[in-house]
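Structural characterization, general
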Amino acid sequence: MANPGYGKRRAGDEDPHADPDFAHLSPREAEIAVFVDHLDDGQAMGHKVLAAQHPRYGQQATRTSLNRISEAGHLRWIREHLTVEDNTMRWVTRTYWSRTRRSAAWWEEFARQRNGRIVPGDLRPGLARTDEPEVPEVPEPEPEPQPGSGTDPDPSTSYLTLAGIRDAEPRMRLSEADCRSLASLAEEWLARGATPQDITRAVTDGLPATVNNPGGLARNRLESRMPPKKAKIRQKAAPRRARVTRAVMVCMDCDADERTTEIKGGMCSDCRAEFEAAVAAEEAGLLVTGYVPDTFLAAPDAHAVYEWVDVPRRAAEVRAAAGLPPRAERAL
């Protein structure tokens, strides 16, 4: 699954599933489109992740197919500027998918209609990352004590519990003064969820043969055997909401958006030129983008002899063959 803010999100208002959903695509693109269409919302959509999951195609084939699927109108990256209820702002990049084929004009209108939408604001942003504040601990209010219950902290309950110990164990005949001085400790036991029976057992279990100071022994046991406090239940703060204040198209290859470059069919001009060169090279048989070779599988044939390829050098050769300039290194 993708980090919050990325991942597959349906554009909505789709036609029902049908056999000819992707009949306008080539067999490979149609197969990958069906694969993507059945992924859950939130699934990572990068070509490397999809290639790692798909049993038949590698990274180059998946990347080229995603570009073709985007050009056909099924896929777009849209970057949304969010203003959250706490007045913080962030950019989040979302991957929108449509089983139904959409025109470029439809996607442009879809992006414009994102403006003003209310969305969950408790997301870690995709590119402009900021730290989320810690969710404060909100303890549950203590329940109102019910008369006669085992957790009733009323002083009379604690006093009567202590006074009744003499009936359970004659060696622990607590005086009236003992009961009153120990009542606060008994109250704390009751407030922590203990019952009067728990207090009696704690004070009387394992007594020595002779008890010379019942009040002192009872105090020592009530203090040393005090049960732990009831754990406070952490409640999640109510999810914050955010408003989309701007939405722009993003190139699905290089992540540039339409504020700095022109985006057509989900790609900027540089990435489109590289895509068209890769398509031409594939059609000319210069670039193999079909099934995953054995060397890319989890357990290649131990007896086979493989020829390893310098992928960056091969990509540069393909660009040169298509008459394209060397691809510039992108700053991170």
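Note: the structure precedes this text.
Here we summarise the structure given alongside this text.

A tally of regular secondary structure across the protein gives 11 helices and 7 strands. Of all 332 residues assigned to the protein, the portion counted as buried reaches 38%. Look at the contacts in the protein between residues 6 or more apart in sequence, and 68% of them connect residues 24 or more apart. Of the roughly 19,500 Å² of accessible surface on the protein, a fraction of 53% belongs to carbon and sulfur atoms.

Another aspect to go through is the pairing of strand β5 (residues 241–250). Two strands pair when backbone bridges link them, and strand β2 (residues 75–84) and β5 are joined in this way by 8 bridges, in the antiparallel orientation. Paired with Ile78 across the strands is Met249, a residue of β5. Sheet analysis places strand β4 (residues 118–120) next to β5, joined by 3 bridges and oriented antiparallel. Bridge pairing in β5 places Val119 opposite Ala242.

Even without being a glycine, Asn87 presents a positive backbone phi close to 75 degrees. By the secondary structure assignment, Asn87 is in the loop between β2 and β3 (89–97). Asn87 gets classed as exposed once you look at its relative accessible area, which sits at 65%. Positive phi values are uncommon outside glycine, yet Asp255 reaches one of about 80 degrees. By the secondary structure assignment, Asp255 is in the loop between β5 and β6 (263–264).

In this section: the packing of aromatic side chains. For the structure on display, the rule yields 5 aromatic pairs. For the pair Trp106 and Trp107, a centre-to-centre distance of 5.0 Å together with 90 degrees between the ring planes defines the contact as edge-to-face. Classification of Trp106 by relative accessible area gives partly exposed; the value is 27%. Their ring planes at 85 degrees and their centres at 5.6 Å tell us that Trp107 and Phe110 sit as a pair that is edge-to-face. Of this pair, Trp107 and Phe110 both sit in helix α4 (residues 104–114), separated by 3 residues, roughly a single helical turn. By relative accessible area, which is 0% here, Trp107 ends up buried. Put simply, the rings of Tyr96, Trp106, Trp107 and Phe110 touch in pairs and so form one group of aromatic residues. The aromatic ring of Trp106 is capped on one face by Arg102, whose charged end is 4.2 Å from the ring centroid. Positioned over the ring face of Trp91 is Arg259, at 4.3 Å from the centre of the ring.

Here we come to the packing of helix α1 (residues 27–37) against helix α3 (residues 59–72). For the pair α1 and α3, the least separation of the axes is 9 Å and the interaxial angle reads 85 degrees. On the basis of their axis angle, the class for α1 and α3 is roughly perpendicular. Two secondary-structure elements touch here, α1 through Arg28, Glu29, Ile32 and Ala33 and α3 through Ala61, Thr62, Thr64, Ser65, Arg68 and Ile69.

As a further point, take the pattern of salt bridges. Tallied over the full model, the rule gives 25 salt bridges. The residue Arg99 makes a salt bridge to Glu14 at a minimum N-O spacing of 3.6 Å. In this pair, Arg99 sits in the loop between β3 and α4 while Glu14 sits in the loop between β1 (8–10) and α1, placing the two residues 85 residues apart along the sequence. The class for Arg99 is buried, based on a relative accessible area of 9%. With a shortest N-O distance of 2.7 Å, Glu188 and Arg192 are connected by a salt bridge.

Rules used in this analysis
- Residues numbered from 1 in each chain as written.
- Predicted model: local features only at pLDDT ≥ 70, side-chain atom pairs only at ≥ 80, totals over all residues.
- Heavy atoms only, no water.
- Helix = DSSP H or I, 4+ residues; strand = E, 2+ residues; numbered from the N terminus.
- Buried < 20%, exposed > 50% of the residue type's maximum accessible area, 1.4 Å probe, protein only.
- Contact = heavy atoms within 4.5 Å.
- Areas by Shrake-Rupley, 256 points an atom, 1.4 Å probe, with all protein chains shown as cover.
- Pairing = 2+ DSSP bridges.
- Phe/Tyr/Trp six-rings, centres within 6.5 Å; stacked < 30°, edge-to-face > 60°.
- Lys NZ or Arg CZ within 6 Å of the ring centre and 35° of its normal.
- Axes fitted to C-alpha atoms, helices over the stretch in contact; angles between N-to-C directions.
- Parallel < 35°, antiparallel > 145°, perpendicular 65-115°, else oblique.
- Salt bridge = Lys/Arg side-chain N within 4 Å of Asp/Glu carboxyl O.

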